[in-house]
Amino acid sequence: MTRKIIHIDCDCFYASVEMRDNPALREVPLAIGGAADRRGVIATCNYVARKYGVRSAMSTFRAQQLCPTLVLLPADFARYREASQHIRRIFADFTSMIEPLSLDEAYLDVTGLPHCQGSATRMAEAIRARIEAEVGITASAGIAPNKLLAKIASDWNKPNGQFLIRPEDVEAFMLTLPAARLWGVGKVTAEKLKRLGVESCADLQRWPLSRLVQEFGRFGEQLYEQCRGLDHRAVAPDERRKSLSVENTYAQDLPDLAACLAELPELYEDWQRRMSRAEGYVPHKAFVKIKYADFSQTTMECLSFAPTLDTFSRLLHEAFPRGQQAVRLLGVGVRFHDEPDAPLQMSLW
């Protein structure tokens, strides 16, 4: 049976919650993010701000240059989680096959389900209507026979819209799709494709698999299938997280190893708090992440099922000399076993 996949993506989620709770913010350029003097970045912004060129992941400093009247608010995750949980309950009224990607988006597999006369398009409409009525924000949806296409489709008629790609339309749709819209094709890969004369998926389809692998390694295999609209991944409702980490970008670069070590206890305490809520997860490796002043970065890890502050301290001692310069970001975390009941691995330290 051909799958029926819906991808739901809330429109500028954090900003939408803020505008819902304070309607005066609806007509002004609004962004959620960190302060510019602390090297903050924009998490999301409303569509008024986007008209000025403000985008998520942009530095707050640059966003305020583009839009001097930008209203900047800190994130309020308690309210965002509450809204997300309500949305998840709405999803559950339609299917148990839900794969959350973040607080504000998820894949739903509605294959063979009876709601709305079995129409995935009508189910998407009903879900979006309930989100707007019950949560007070809008969402967009993509409906397609696989996850790749559903996610592409959900962005097609944003905000507050939806788009359907039927199985019989996939071949024609892919011919005109820009290659930059494919999953995993970021700015660097898109520029490389353009240099190689590839702008559309039609261009990419003319490349043999062997050449794609030669140019892009294993990712070339994914490009070969994606440009044809192929995606065999199932919606995975029970997919477990692979890691848990915390990190901090510092307002002033940390000049040396001693300064980095002085920041480590606070990071470790924050990680412990988050780890205490991760029930059923067994650490497998501990790691530290360092981003240097020139934006280069490194990661050092070791086997450990119960890392201590001393574990991260030793990793930091090992990793810091790789850059031999000031540090702008530090992070600590763990990687988990794939299976919840996997045997424990003793720490190397």
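Keep in mind that this is a model prediction, so the values were computed, not measured.

Analysis parameters
- Residues numbered from 1 in each chain as written.
- Predicted model: local features only at pLDDT ≥ 70, side-chain atom pairs only at ≥ 80, totals over all residues.
- Heavy atoms only, no water.
- Helix = DSSP H or I, 4+ residues; strand = E, 2+ residues; numbered from the N terminus.
- Rg over C-alpha atoms; globule rule 2.2 N^0.38 Å.
- Buried < 20%, exposed > 50% of the residue type's maximum accessible area, 1.4 Å probe, protein only.
- Lys, Arg positive; Asp, Glu negative; His and termini not counted.
- Charge placed at Lys NZ, Arg CZ, Asp CG, Glu CD.
- Pairing = 2+ DSSP bridges.
- Axes fitted to C-alpha atoms, helices over the stretch in contact; angles between N-to-C directions.
- Contact = heavy atoms within 4.5 Å.
- Right-handed = clockwise from strand over helix to strand, strands pointing away.
- 1 Å grid on protein atoms, 1.4 Å probe; cavity = no way out; pocket = protein on both sides within 12 Å on 5 of 7 lines; lining within 4 Å.
- Points joined across faces, edges and corners; volume = space filled by probe spheres on them.

**A word on the overall build of the protein**
Regarding its fold elements, the protein presents 13 helices and 12 strands. Computed over the C-alpha atoms, the radius of gyration of the protein is 22 Å, within 12% of the 20 Å expected from 2.2 N^0.38 for a compact globule of 349 residues. The proportion of buried residues among the 349 residues of the protein is 43%. In the protein, which carries 44 positive and 44 negative side-chain charges, the distance between the mean positions of the two groups comes to 3 Å.

**Section: the sheet that holds strand 3 (residues 42-45)**
What links the strands of a sheet is backbone hydrogen bonding, and the strands pair in either a parallel or an antiparallel sense. Taken in spatial order, the 3 strands make up an open sheet running 3-2-4, and their pairing is mixed. Because the sheet does not close on itself, it has two edges, and the strands there are strand 3 and strand 4 (71-73). Strand after strand, the sheet turns through a mean of 30° between neighbouring axes, direction not considered. Of the pairings in the sheet, the one linking strand 2 (residues 30-33) to strand 4 comprises 3 bridges and is parallel in character. Directly across from A31, in strand 4, lies its bridge partner L72. Against the sheet, helix 1 (residues 13-21) engages strand 2, strand 3 and strand 4, with an angle of about 120° to strand 2.

**Quick word on the sheet that holds strand 5 (residues 98-102)**
Pairing is mixed in the open sheet, where 5 strands are placed in the order 5-6-1-7-8. Of all the strands in the sheet, the pair left with one neighbour each is strand 5 and strand 8 (162-164). For this sheet, the mean angle separating the axes of adjacent strands, direction not counted, is 15°. Here strand 7 (residues 139-144) runs beside strand 8; their pairing, made up of 3 bridges, is parallel. Looking across to strand 8, one finds that G142 is bridged to F163. Of the strands in this sheet, strand 1 (5-10), strand 5 and strand 6 (105-109) touch helix 4 (residues 77-92), which is tilted by about 155° from strand 5.

**Comments concerning the pairing of strand 7**
By the criterion of burial, strand 7 is predominantly enclosed, with 6 of the 6 residues buried. Side-chain alternation along strand 7 places A139, A141 and I143 on one buried face and S140, G142 and A144 on a second face that is also buried. Bridge count for strand 1 against strand 7 is 6 bridges, and the pairing is antiparallel. Opposite D9, over in strand 7, you have S140 as the bridge partner. A crossover links strand 7 with its parallel partner strand 8, the connecting element being helix 6 (residues 147-154), and its sense is left-handed.

**Thoughts on the layout of surface pockets**
Unfilled space is identified by rolling a water-sized probe across the atoms. Considered as a void within the structure, the second largest pocket measures approximately 660 Å³ in volume. Residue lining of the second largest pocket: 20 residues in total, with G34, R39, G40, V41 and T249 positioned closest to the centre. Among the elements of the structure, strand 9 (243-254), strand 10 (283-292) and strand 12 (327-336) are those that each provide at least two residues to the lining of the second largest pocket. In terms of residues, the lining of the second largest pocket owes the most to one element, strand 9, which gives 3 residues.

**Re the pairing of strand 2**
Burial along strand 2 is two-sided: the face carrying L30 and I32 and the face carrying A31 and G33 are both buried. In terms of strand pairing, strand 2 meets strand 3 through 3 bridges, oriented antiparallel. Within strand 3, the position partnered with G33 by the bridge is I42.

Nothing here speaks to function; it is geometry throughout.
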